[in-house]
Amino acid sequence: MDKAFEIQKQVRDNAKALQTYMTDLQNWEAEMKRKEAALNGEFEQDLPPVRSKVKKERPVVVKKKPEKKIKGSDYSSWDKYDVDKACEEVDMQDIGPSSLDSKKSQLAKLEKLREEAQYEKERGNTFVKQEKWDDAISCYNRAIELVRDDAIYYANRGLCFLKKDSLHLAESDCSEAIRLDPSYVKAYQRRASARERLGSLRAASRDLAEVLRLEPHNHAARKQLDAIKARMGTKGAKSKSSPSSTPTVESKPLTKPTQPKIVELPPEPKVSADDEWRNGAGENIMVIKPVKKPPHLRSKRPLKSIPIQEIQLGKTTPEKPPTRLKIIEIDDQTHGDSNNNDSNKIDDTPKNMKGEGDVASPESVKLVTDGAVKEKDVKTLVPPTNSVQFMSEWKYLKGQWEARCEYLSIIEPSKIPSIFANALESDVLSDVVRILHDNSDRFAGRVAAYLTQLSNVKRFSAIAMFLSPNDKQMLNKLLDHCKVAENTSEDAIADLKNKYEL
Amino acid sequence: MEELETPQIITHIEHNINHSIFDTKWIPCSAKFVVIGSLPKGTGTLEVFEITSGEIRKIKEIERPNSFKCGTFGASSDVERRLATGDFKGTLEIWDLEKSCQVYITKEHTDIINSIDGLGGNIVNCGAPEIVTGSRDGTVKVWDPRQRGKPVANMQPMKGETKRDCWAVTFGNSFNDAERIVVAGYDNGDLKMFDLRTMSLRWECNLKNGVCSTEFDRKDIPMNKLVATTLEGKFHVFDVRTQNPTKGFAQVLDNSSKSGTIWVARHVPQNRDIFLTCAGNGQVSLWKYEYPEHRYQVDHQGVSSGVPGKLRRLQRMVISTQPINALDWNRDHLGLAVATAYDQYVRILVTTKLNLQ
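Everything quoted here is computed from the prediction, not taken from an experiment.

1. Describing helix 7 (residues 151–163) of chain A
Residue and element names in this part refer to chain A. Taking 1.5 Å of rise per residue, the 13 residues of helix 7 would be expected to cover 18 Å, and the 18 Å separating its terminal C-alpha atoms lies within 8% of that figure. Across the 13 residues that make up helix 7, a large majority, 11, are buried. For helix 7, the full list of buried residues reads Ala 151, Tyr 153, Tyr 154, Ala 155, Asn 156, Arg 157, Gly 158, Leu 159, Cys 160, Phe 161 and Leu 162. Two or three places before Ile 152, at the start of helix 7, stands the capping residue Asp 150, its side-chain oxygen 3.0 Å from that residue's backbone nitrogen. Count one or two residues on from helix 7 and you reach Asp 165, which has phi positive near 70°.

2. So, the interface of chain B and chain A
Contacts between the two partners involve 53 residues from chain B and, on the opposite side, 33 residues from chain A. Carbon and sulfur atoms make up 58% of the surface buried where chain B meets chain A, a total of about 3,600 Å² over both sides. Three residues stand out in chain B for area buried against chain A, namely Val79(B), Arg148(B) and His333(B), and they jointly supply 18% of the buried area on that side. One can count 3 salt bridges joining chain B with chain A. With a closest N to O distance of 3.9 Å, Lys33(A) and Glu50(B) form a salt bridge. Seen at the junction of chain B and chain A, the total is 8 residue pairs in polar contact (both at pLDDT 80 or more). Mapped by element, the contributors of at least two residues to the side of chain B that touches chain A are strand 1 (9–16), strand 4 (44–52), strand 9 (101–107) and strand 30 (345–351) of chain B. Here the element with the most residues in the side of chain B that touches chain A is strand 9 of chain B; it accounts for 4 residues. When grouped by side-chain class, the residues that make up the side of chain B that touches chain A number 20 nonpolar, 17 polar and 16 charged.

3. Side note on the confidence of the model for chain A
Residue and element names in this part refer to chain A. With 66% of its residues at a pLDDT of at least 70, chain A reaches an overall mean of 71. The secondary-structure element of chain A with the lowest mean pLDDT is helix 12 (residues 242–251), recorded at 40, while helix 7 shows the highest, at 89. Note on residues 55–66: pLDDT under 50 across the span, and 0 contacts to partners over four residues away in sequence or across chains. Low pLDDT (under 50) marks residues 331–376, which in the prediction has 77 contacts with non-local residues, meaning those over four places away or in another chain.

4. Thoughts on the UniProt feature "repeat: WD" (unreviewed entry) in chain B
UniProt marks residues 131–144 of chain B with the feature "repeat: WD" (unreviewed entry), using the numbering shown here. Along residues 131–144 of chain B one finds 0% helix and 64% strand; the C-alpha atoms at either end are 6 Å apart.

5. Regarding the sheet that holds strand 19 (residues 225–230) of chain B
Residues and elements named next belong to chain B. With respect to topology, 4 strands assemble into an open sheet ordered 18-19-20-21, the strand pairing being antiparallel. The outermost strands of the open sheet, each flanked by one partner alone, are strand 18 (211–216) and strand 21 (248–254). Taking each pair of neighbouring strands and ignoring which way they run, the sheet shows an average axis angle of 20°. Relative to strand 21, strand 20 (residues 235–244) runs antiparallel, the two being bridged by 6 bridges. Bridge pairing in strand 21 links His 236 to Leu 253.

6. Details of the sheet that holds strand 17 (residues 200–206) of chain B
All names here are of chain B. Strand order in this open sheet of 4 strands is 14-15-16-17, and the pairing throughout is antiparallel. Both outer strands of the open sheet, strand 14 (166–172) and strand 17, are each paired with one neighbouring strand and no more. Strand-to-strand twist in this sheet, taken as the mean axis angle between neighbours without regard to direction, amounts to 15°. Examined bridge by bridge, strand 14 and strand 15 (residues 181–186) share 6 bridges and lie antiparallel to one another. Looking at the pairing, Thr 170 lines up with Val 183 of strand 15.

7. Things to note about the pattern of salt bridges
One pass over the full model with this rule turns up 46 salt bridges over all chains. Two residues, Glu120(A) and Arg148(B), come together in a salt bridge whose shortest N-O distance is 3.9 Å. On the criterion of chain membership, the pair formed by Glu120(A) in helix 5 (residues 104–129) and Arg148(B) in the loop between strand 12 (140–143) and strand 13 (153–155) is interchain, its members lying in two chains. Per residue, the accessibility class of Glu120(A) equals that of Arg148(B), and both read buried. The partner of Asp96(B) in a salt bridge is Arg82(B), and the shortest N-O contact between them spans 4.0 Å. One end of the pair, Asp96(B), is in strand 8 (residues 91–96); the other, Arg82(B), is in strand 7 (residues 82–87), with 14 residues separating them in the sequence. Overall, the relative accessible area of 6% leaves Asp96(B) in the buried class. Given a relative accessible area of 19%, Arg82(B) falls into the buried group. Through salt bridges with shared partners, a single ionic network connects Glu116(A), Glu120(A), Arg123(A), Arg142(A) and Arg148(B).

8. Let's talk about the side chain of Ser135(B)
Residues and elements named next belong to chain B. The topology assignment puts Ser 135 in strand 11 (residues 130–135). At 3.0 Å, the side chain of Ser 135 and the backbone nitrogen of Asp 137 are in polar contact. Beyond its immediate stretch of four places on either side in the chain, Ser 135 contacts His 109, Asp 111, Ile 112, Ile 113, Asn 114, Arg 164, Asp 165 and Cys 166.

9. With respect to the pairing of strand 17 of chain B
Where strand 16 (residues 190–195) of chain B meets strand 17 of chain B, 6 bridges bridge the pair, whose relative direction is antiparallel. When the sheet's bridge partners are listed, Asp195(B) is paired in strand 17 of chain B with Ser200(B).

What counts as what
- Residues numbered from 1 in each chain as written.
- Chains lettered and ligands numbered in written order.
- Predicted model: local features only at pLDDT ≥ 70, side-chain atom pairs only at ≥ 80, totals over all residues.
- Heavy atoms only, no water.
- Helix = DSSP H or I, 4+ residues; strand = E, 2+ residues; numbered from the N terminus.
- Expected span 1.5 Å × (residues − 1).
- Buried < 20%, exposed > 50% of the residue type's maximum accessible area, 1.4 Å probe, protein only.
- Polar contact = N/O pair within 3.5 Å; in protein donor to acceptor, adjacent residues only side chain to side chain.
- Contact = heavy atoms within 4.5 Å.
- Buried area = accessible area lost by both parts, 1.4 Å probe.
- Salt bridge = Lys/Arg side-chain N within 4 Å of Asp/Glu carboxyl O.
- Nonpolar A, V, L, I, M, F, W, Y, C, P; charged D, E, K, R; others polar.
- pLDDT = per-residue confidence, 0-100.
- UniProt positions renumbered as here; feature names shortened; annotations may be inferred.
- Pairing = 2+ DSSP bridges.
- Axes fitted to C-alpha atoms, helices over the stretch in contact; angles between N-to-C directions.

In structure tokens:
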């Protein structure tokens, strides 16, 4: 009986004990939460030094002490002795360690963070030296996480982004660095590089100007600025800057002695007949002069095709209007805006254009010269020896079926396969077919030869597939013509039909 | 009367976690704990839980590419409360759990860090904050969070010696700024005691079975007792007060329980003579070390040697079906502990009447 009671009592006690424990636990939980919320960063410990540094740090202190003591009799040394600096050093020594102890808590904690960030920065810098940009970036990231208001970390990270060609990131980092430290020259320089490569030249030049304002003797920045200005200049000059362009040309005569402005040249006393002709002297024409510019300075507009016509020396073409034009050199030293090339040209040209209103601009040049190429001139044509020659001539004669017909007729049919090799194009073929069809009388007796030789060009079967129904119709007619007019054999006709896939 | 004072061990809360868990630690000065583990895909997680009136609530989770193995708050102050972790690849990291950011990282070990311990953060005047890590690469390294990259001490086998897998490390004897001892247990049963002040091996012995866990009863007093648990259900308690030049330390061996590997032993923070062992069969046992009448005796040559005490089991309880691999007593509340087991459960254990012992 006793035993049973005892067990019962124990069970009850245990349950009770547990219950009290649980209430205790709940109270404790609440209390812990309160305590935890009250925990603020007010905490600083006096810690013993890092184990491995204990030995290392002592000799450093010893080393500092034996600072050359200046003897009382050594007057020259005392003259050089900077008392203010020495006083400052002594003061700093006093402040150094003791201030950390006295102002514990917040300041010390900040200091700690700064130290850590500094460590990360140094690690980042070594990565930069090894050109491990990604590792360096992660180091700077951590440094920035620790200390958000140090321009150096941002600028250094910007450099890494710049090296990695993440130009937008680089620019934003540099901007942040500049925001934090408006006199940070390197940040400006890096942002300028980023912006230059991003194409915002104006912003880049502003940054460089800021650099030069802060450091007037910064050669790298000056060079970069000049380069950018040169780049900006080629894209066009502002009207206000064009007057200044003349002196710059004159000041640099050596660089471009071959291309002076014609109008400004005084008539040279001894000009050979050749030169005279070249300058268009005595003729009612304008001379188009070549303009030499480095590729990056050239206009980005598509080139206009200007047909050039060969005229023998001394020979005049009285009936036709002069086809020679003058292109006024545009000064590439001018600075300023990038897209009013033409207006600039026109500004400069009126004096040359007097009396030639119809050649006011290059656009009109083409209109004028197009008409100039006439059938008669085609006589100067020479039969091509390869497809390149043929194609350039063919394209030149575009739209002038007569001329093309003439050109075709001077080509010996038997040479067609060797001329075209494997470069015959389907549109050329259909043009040829059309010409043959339209002018079958001119090619009397040779149509079949042309067709046969064309079909002998390499890879012809592939080209024939692109013939349009229209072309095929013309071909059929041509073959009929061959049969009737040229007495081509049935076999040959069948063969051609087969080859042209009729 | 005796029976009325027997402590009870009760599983207060059980919480299933869907991945492997390796270690757990209370966050100092809070009702929160962090669970360290690894996801099936091989990434590591740190999860912060809070206990609120009988429930566990997850507050935070951090995931990293490498599985974490172990962690400690020992080297961090109660205000900063930074967790130092070791992972499967040998990386030591220190975390600011409030900001979820990493404040320190170094990878000097070439293999998994099996065990970690920290000291110097939480108790005033007990030396520099230091972390000790033991790794499969055979080395035991001591770190100072203020020194980046390089350990402040490195204990490794001599050239030519075989490298043993270090399974357990612990700090102790840190009763002033200079003194400090590291004890490391290895897979071959070696137990080595390194003196960090003299940078020398102070003592070593072999326990015949791999040492799974080792702990001093207190870290911040002149070393008093050391528990080392091993495979095959055995654990040793050394009285480390008195070292005999020939016999070393007196010890008690317990191999009474056939419970498989004893994974961990942890002393109750409020009572250094009571400790809990966690076994491979999911059983936890509460032990009390009873000192002998005289702790040491002097032989005829005037050399003193320790006298072992006795072990008494206060309570035992099977709480899990799988081995319990980690346990941590709460420093602020007597009898409150958190344990992780291989059945992927984290448990809050409550032990009553510890104050009566």
